Amino acid sequence: MSKSFDELISKVSQIEKKKVSVAVAQDNEVLLAVKAAKEQNIADAILVGDEDEIRKIAAEIGMDLTGFEIIDVKDKIEAARTAVKLVHDGAADMYMKGLIDTKDFLKSVLDKEVGLRTGKPLSHVCVFEIEGAEKLLFLTDVAFMTYPTLEDKASIIKNTVEICNAVGVENPKVAPLAAVEVVNPKMPETVEAAELTKMNEEGQITGCIVDGPLSFDLATCPEAAKHKGATGRKIVGDADVLLFPDIHAGNITYKALVHFSKGKNGNLITGTAAPVILTSRSDSFDVKVNSLALGALVADSLKKNAQ
């Protein structure tokens with residue numbers, strides 16, 4: 001089990017090298033990330049977009065394009081469609097957003113003919129390495145689903161378990177979070193958390209341990225669980241996955257961790273036929289490289305499970 005991104009990247013070096021298809025690759029930060037990914041043996045890349053712009057930016061950042069396949073497509077929408085088709089057809093293992101609006105990028109992911117639809121709802125997983133923590137922490141969903149239903153939350157858990165397994169967490173502990181750790185009919189989040197726990201106990205959600213509702217401190221801090229007398233729970237401050245009740249709680253927590261804690265993170269869109277790397281332009285260079293490493297492991301796991 002990888003406990004840090006350094007360990008995760010080391011694990012990537014032990015698998016067959018993967019290839020990422022980049023949609024509208026004429027982006028400074030994205031090219032820096034795929035350059036680093038190639039140098040660190042994380043992944044090779046196919047760069048789809050305006051070749052003139054790609055070569056211009058590469059020259060500016062000192063990037064040797066030898067060994068990179070470039071497909072010249074000037075129109076951004078068509079470039080995204082070309083790039084996602086490469087993954088759909090098996091010519092690449094994962095799909096990454098470049099200099100294109102998120103909505104247009106996601107349209108290519110969901111394209112009925114050449115996209116990466118599986119019939120499952122799409123969700124977002126962010127993996128954090130936090131200073132002082134002894135393992136990676138999986139946050140979901142902090143960026144995609146706004147107000148997930150009970151059925152959506154069950155799908156989010158299933159999507160996230162696949163990511164956990166790829167990183168080496170075999171039976172992850174999933175904490176559906178709420179403000180309190182007891183069921184309160186006036187707080188729907190607690191009712192749904194309890195229902196998810198029941199679904200897990202009855203075998204409707206498998207491959208993990210679900211225990212909710214849990215407050216953030218009981219899910220992540222063993223001392224808090226001890227002081228609150230919650231040591232009889234399935235999760236006693238040792239959750240692997242934090243399942244948020246809505247995008248507001250998830251996104252606020254995500255940004256608080258990014259800006260006020262020392263750590264690293266990487267993230268993926270899940271529920272797709274191949275890993276989708278949808279990073280923000282404000283994300284650091286490290287986040288993009290970490291996301292590529294995470295995507296490589298997930299792509300390898302998906303390939304093995306399909307055999």
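Residues numbered from 1 in each chain as written. Predicted model: local features only at pLDDT ≥ 70, side-chain atom pairs only at ≥ 80, totals over all residues. Heavy atoms only, no water.

The chain is annotated in an unreviewed UniProt entry as Phosphate butyryltransferase of Eubacterium ruminantium. Quoted verbatim from the Sequence similarities (unreviewed entry) field of UniProt, the annotation for the chain is "Belongs to the phosphate acetyltransferase and butyryltransferase family." (UniProt positions renumbered as here; feature names shortened; annotations may be inferred.)

Caption draft 1: Seen up close, the packing of helix 6 (residues 150–167) against helix 7 (residues 188–201). Put simply, helix 6 and helix 7 touch, their axes get as near as 10 Å, and they point 55 degrees apart. By the angle between their directions, the pair helix 6 and helix 7 is classed as oblique. Here helix 6 and helix 7 pass one another in a crossing that is right-handed. Contacts between helix 6 and helix 7 pair Leu 150, Lys 153, Ala 154 and Ile 157 from the former with Glu 192, Glu 195, Leu 196 and Met 199 from the latter. Considering only residue class, the contact of helix 6 with helix 7 consists of five nonpolar, no polar and three charged. (Axes fitted to C-alpha atoms, helices over the stretch in contact; angles between N-to-C directions. Helix = DSSP H or I, 4+ residues; strand = E, 2+ residues; numbered from the N terminus. Parallel < 35°, antiparallel > 145°, perpendicular 65-115°, else oblique. Left-handed = near helix turned anticlockwise from the far one by under 90°. Contact = heavy atoms within 4.5 Å. Nonpolar A, V, L, I, M, F, W, Y, C, P; charged D, E, K, R; others polar.)

Caption draft 2: Expanded view of the packing of helix 4 (residues 76–88) against helix 5 (residues 102–109). Between helix 4 and helix 5, the shortest axis-to-axis distance is 9 Å and the interhelical angle comes to 40 degrees. Note that helix 4 runs across helix 5; the crossing there is right-handed. Contacts between helix 4 and helix 5 involve Ile 77, Ala 80, Arg 81 and Val 84 from the first element and Asp 104, Ser 108 and Val 109 from the second. Looking at the contact of helix 4 with helix 5 residue by residue, the class counts come to four nonpolar, one polar and two charged.

Caption draft 3: Structural context of helix 7. For helix 7, with 14 residues, the first-to-last C-alpha span of 20 Å sits near the 20 Å given by 1.5 Å per residue. For helix 7, every residue scored as buried is listed here: Thr 190, Ala 193, Leu 196, Thr 197, Met 199 and Asn 200. Where the residues of helix 7 are buried, they touch helix 6, strand 7 (173–176), strand 8 (209–210) and strand 9 (241–243). Directly beyond the C-terminal end of helix 7, a positive phi value near 85 degrees is found at Gly 203. (Expected span 1.5 Å × (residues − 1). Buried < 20%, exposed > 50% of the residue type's maximum accessible area, 1.4 Å probe, protein only.)

Caption draft 4: Looking closely at the side chain of Asp 211. Mapping Asp 211 onto the fold places it in the loop between strand 8 and helix 8 (216–220). A polar contact of 2.8 Å, which involves the side chain of Asp 211, links it to the side chain of Arg 233. What Asp 211 contacts, discounting residues up to four positions off in sequence, is Val 174, Ala 175, Pro 176, Thr 197, Arg 233, Lys 234 and Ile 235. (Polar contact = N/O pair within 3.5 Å; in protein donor to acceptor, adjacent residues only side chain to side chain.)

Caption draft 5: Seen up close, the domain arrangement of the chain. You can read the domains of the chain as domain 1 (9–117 + 272–306) and domain 2 (123–260). If you look at the interface, domain 1 gives eight residues, while domain 2 gives eight residues. The interface formed by domain 1 and domain 2 contains zero salt bridges. Here domain 1 and domain 2 share two residue pairs in polar contact (both at pLDDT 80 or more) between them. It is helix 11 (residues 285–306) that contributes the most residues to the side of domain 1 that touches domain 2, five residues altogether. Its residues assigned to classes, the side of domain 1 that touches domain 2 comprises five nonpolar, one polar and two charged. (Domains from an automatic or database assignment. Salt bridge = Lys/Arg side-chain N within 4 Å of Asp/Glu carboxyl O.)

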